[in-house]
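Here is what each chain is made of, one letter per residue.
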Amino acid sequence: MEQEPELDKTRKETHKKNNFKKFSPLLKPIQSFFIASWKGASYGALLITMLLIFSIGFDFHTGLGKWIDIILFFLIAIVSTWGAVGIGTWFIGKLKKLPALFISSIGISLAIMIYTLDQFRSLENILPLAYFLVGIGIITGSLFGYSLKKGLKKPFSWIMLLLGVLVTGTFCYWLFTPGIMDERLANNVEPFSPVSENPASAGSYTVQTFTYGSGTDKQRDEFSKNVDLKTSSVNASSMIGEWSKEREWFWGFKDSNVPLNGRVFMPDGDGPFPLVLVVHGNHKMEDFSDEGYNYLGELLASRGFITVSVDENFFNSSWSGGVAGDINGRAWLLLKHIEEIEALSTQKDTPFFNKVDMDHIALIGHSRGGQAAILATKFNELDRYPDNANMRFNFDYNIETVIALAPTDYQTLSDRKINVDDVNYLLVGGSYDSDLSEFEGDRQYNGIELTGGEQKIKAALYIDGANHGQFNSTWGENDTYFPFTLLLNKQPLLEGEEQRQIARTYVSGFLETTLHKDESYQPMFEDYRYALNWLPHTTYISKYEDSSYHIFSDFEEDVNVLTATSPFIEIEANSFLQWYEGELEFRREKDRGTHGVFLKWDQSYSTNGSYSLHFTKALQDPFSFSSNSALTFTAANVSDAKDQQPLDFVITVSSSSGESTSVLLSEVMPMPGVLPIKHTKTKYFEERRYGEETEPVLQTFNIPMQRFIEDNTLMKPKEIESITFEFNASPKGKVFLDQIGVNQPN
């Protein structure tokens, strides 16, 4: 009895051997291919890893010179990769299970690639990319390696060689092509006739240009030996974090001796002229950014604005690291520039003498500079620095206007959001911002309150096809560092000059409106169609508000979906698939600082979805309607990415006397379809790095009471007792409604 289990075991082993023999003819080609190709696969993985490290040298600035940087990374690629493989080979060689070079090459390549990519993006974003690149190296290496091992006399070797060439060519083509165009439905919006001249046209002033600075700049002659006007240095050590030895070596100064450098564009005239400061954002500090706004400086100066492009390159990132608290430093330094210019304007021997109108100042910032501009406006109001109250502020300048181009919005003060009220604010950003990936400045826009005490305006323009960098002429179309730039989908981008034409138009028009007090430009901010004749063809979405806007439902009051901000409004809704209030989010589910109501309908489920606001008490000024006022609200198309059809719906107003009248939204202003966005050429990197495929953006709609009266002449706006949004003009969709109120005539 004890021998039976042993016999069973022997039979099973014999059966397994017979089964293996059956499959061995099938396994032999695979085994043969592996034996012939493993070395090539190993070298392929190593080669693509070395190419990645080597390619970084083309966009890496140590300050030693371009060719030295390239040679340095060439040596690092070879020494580090083969050094690590040597260690790995020795270690894995102890195991003796698989070819040591093969295992160590793949393992070390993957480890080095993950570590290298992780220096630029978070680990969860780059893991699929690292696997993909190493996989390409293994496949191409194995195909070429097999051909070389077996020799080219065999037909199969030629097949493997041709496959290797095909895979390599396909990969290189994918890598170096600009990308693919997004599928977009035609957006045919008719322009309105302009009510003013093109603000991007050169003005009547000739322009003088000069620089001011410390005179000791180590990197640029225009701020050292060729500087036109010497200025003082300032101690920024209390505003920023540690200043590294490498940074001190490159620039030649410490954080206690930061220069005030600027490029000045001055109108040739008697003055005084409004003062406009432009500041760049974060970029490689060795690749200087301040020249990138010369196009704005030339234009604005010709139109009567003293414009200064401020140098803050020394606060930018570098191979040696960044500067903690750099946005605080950037903001504070802007105010120190104003302080210096104010002092120079009183000195007869300077070009600024009696030329500067200190009562009209604007700050323009790009990227981190955009947040620095609004932060400087906040510092300007304060007596002490919130993060170090021992530091006193004594600025109190009349900063009337802030313009933010693709700004960041992550900085806080004492763990609070930066809130500034009653300042003219213009936000400009694009759908293809592959640096921020979101319309971040929209949160800052929402945080600016216009109390009505002063005549201020705020406006936002969202540009389909605009990226992050092309607002600066030197940054260009690459919103990230090489070699990640090869992964960006740049095919849908506007041309750089087109994007800067939009910036010229809106920046100049906004300054004309807010500093020169030329009201003829105001309509282009309330409705972008007034500017379309001056702009490149693409989709635009805009928001606007001034002191004439009075909102009676902003959805910030509570969680009760049946109430509005005004206690005299009751809400009613019918026949929706979804009806709920919530916060509008960015692509990556970050809060946006605004709540509203989400409404989703599908006529195959239920017809005649409607959302009504009933006034239980007659509206009182300034919330009551008149024949010259307009119904205003903001709305965003939040339908699924595949549903690109423009949405349409009807707005009906009813009066206490029983009259009602309706207007179709598209007859006043069309709501665009959703805009699917593909920032990159690889799906996995896209999803992990950039989030959702679409981003909801709010458009301001104004429907004049006259449009309702035209439909029913018996309608009396003063008697309106309900407003209903009827969703029967589009078969399905989803919208976000917010900021419902009245726009009174000025």
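Structure first, text after, so check above.
What this report covers is the structure whose coordinates are included nearby. As the structure is a prediction and not an experimental result, all values here were calculated from the model.

Considerations on the overall build of the protein chain
Each helix and strand counted, the protein chain has 15 helices and 25 strands in total. Of the contacts made within the protein chain by residues no fewer than 6 positions apart, 78% connect residues no fewer than 24 positions apart. Total accessible area computed for the protein chain in this model is approximately 32,800 Å², and 53% of it derives from carbon and sulfur atoms.

Section: the pairing of strand 11 (residues 399–405)
A regular strand places its side chains on the two faces of the sheet in alternate fashion. By the criterion of burial, strand 11 is predominantly enclosed, with 7 of the 7 residues buried. The pairing of strand 8 (residues 356–366) with strand 11 spans 6 bridges and is parallel. Looking at the pairing, isoleucine 364 lines up with isoleucine 403 of strand 11. Both strand 11 and strand 12 (residues 424–432) contribute to a ladder of 5 bridges, which runs parallel. Bridging from a neighbouring strand, isoleucine 403 pairs with leucine 426 of strand 12.

Here's the deal with the sheet that holds strand 22 (residues 660–664)
Strand order in the open sheet formed by 5 strands is 16-19-24-21-22, with antiparallel pairing between adjacent strands. Of all strands in the sheet, those bounded by a partner on one side alone are strand 16 (569–574) and strand 22. Averaged over all pairs of adjacent strands, the angle between strand axes in this sheet comes to 15°, irrespective of strand direction. With 6 bridges connecting them, strand 16 and strand 19 (residues 609–615) associate as antiparallel partners.

Remarks on the packing of aromatic side chains
For any pair of aromatic rings, geometry is given as the distance between the ring centres together with the angle between the planes. Inspection of the entire model under this criterion finds 34 aromatic pairs. The interplanar angle of 80° and the centroid separation of 6.4 Å between the aromatic rings of tryptophan 243 and phenylalanine 315 together place this pair among those described as edge-to-face. Placement of the pair is tryptophan 243 in the loop between strand 3 (233–234) and helix 6 (245–251) and phenylalanine 315 in the loop between strand 7 (306–310) and helix 8 (326–344), with a sequence separation of 72 residues. An angle of 40° between the planes, with centres 5.9 Å apart, marks the rings of tyrosine 385 and phenylalanine 393 as tilted. Here the two residues tyrosine 385 and phenylalanine 393 agree in accessibility, since each one is buried. Members of the aromatic cluster, connected to one another through ring pairs, are Trp243, Trp249, Phe250, Trp251, Phe253, Phe288, Phe314 and Phe315. Taking NZ or CZ as reference, arginine 220 lies 4.8 Å from the ring centre of phenylalanine 288, over its face. Across from the ring centre of tyrosine 445, 4.5 Å away, lies the NZ or CZ of lysine 458, which sits over that ring.

Quick look at helix 11 (residues 496–514)
For helix 11, spanning 19 residues, the distance from its first C-alpha to its last is 27 Å, which sits close to the expected 27 Å at 1.5 Å a residue. Among the 19 residues in helix 11, 16 count as buried, and that is most of the element.

Here we look at the layout of surface pockets
Its volume calculated, the second largest pocket comes out at about 890 Å³. If you trace the second largest pocket, you find 35 residues lining it, with Gln522, Glu526, Tyr544, Asp546 and Asn746 closest to the centre. Elements supplying a minimum of two residues to the lining of the second largest pocket: helix 11, helix 12 (523–526), strand 14 (540–546), strand 23 (699–704) and helix 15 (705–711). The biggest single contributor to the lining of the second largest pocket is strand 23, with 4 residues. Partitioning the lining of the second largest pocket into residue classes produces 12 nonpolar, 15 polar and 8 charged.

Quick notes on the side chain of asparagine 467
Along the polypeptide, asparagine 467 turns up in strand 13 (residues 457–467). Of the residues examined, asparagine 467 reaches a relative accessible area of 1% and is grouped as buried. One polar contact links the side chain of asparagine 467 to the main-chain carbonyl oxygen of glutamate 477, over a distance of 3.3 Å. Side-chain polar atoms of asparagine 467 contact the side chain of aspartate 479, separated by 3.2 Å.

Points about the environment of glycine 741
If you trace the backbone, glycine 741 turns up in strand 25 (residues 732–743). According to the relative accessible area criterion, glycine 741 is buried, its value standing at 0%. Once residues lying within four places of it in the same chain are set aside, the contact partners of glycine 741 are His550, Ile551, Phe552, Phe625, Ala630, Leu631 and Thr632.

Some remarks on the nonpolar core
With 80 residues, the main nonpolar core has Tyr506, Leu511, Tyr611, Phe633, Ile651, Ile723 and Phe725 as its most contacted residues. Of all the elements, helix 11 adds the most residues to this core, at 6 residues. Setting aside its immediate chain neighbours within four residues, leucine 511 contacts Val276, Leu300, Phe305, Ala362, Ile364, Thr401, Ile403 and His516. Residues Leu229, Phe352, Tyr445 and Leu450 belong to the second largest nonpolar core, which totals 73 residues.

Cut-off values and rules
Residues numbered from 1 in each chain as written. Predicted model: local features only at pLDDT ≥ 70, side-chain atom pairs only at ≥ 80, totals over all residues. Heavy atoms only, no water. Helix = DSSP H or I, 4+ residues; strand = E, 2+ residues; numbered from the N terminus. Contact = heavy atoms within 4.5 Å. Areas by Shrake-Rupley, 256 points an atom, 1.4 Å probe, with all protein chains shown as cover. Buried < 20%, exposed > 50% of the residue type's maximum accessible area, 1.4 Å probe, protein only. Pairing = 2+ DSSP bridges. Axes fitted to C-alpha atoms, helices over the stretch in contact; angles between N-to-C directions. Phe/Tyr/Trp six-rings, centres within 6.5 Å; stacked < 30°, edge-to-face > 60°. Lys NZ or Arg CZ within 6 Å of the ring centre and 35° of its normal. Expected span 1.5 Å × (residues − 1). 1 Å grid on protein atoms, 1.4 Å probe; cavity = no way out; pocket = protein on both sides within 12 Å on 5 of 7 lines; lining within 4 Å. Points joined across faces, edges and corners; volume = space filled by probe spheres on them. Nonpolar A, V, L, I, M, F, W, Y, C, P; charged D, E, K, R; others polar. Polar contact = N/O pair within 3.5 Å; in protein donor to acceptor, adjacent residues only side chain to side chain. Core = buried A, V, L, I, M, F, W, Y, C linked by side-chain atoms within 4.5 Å.

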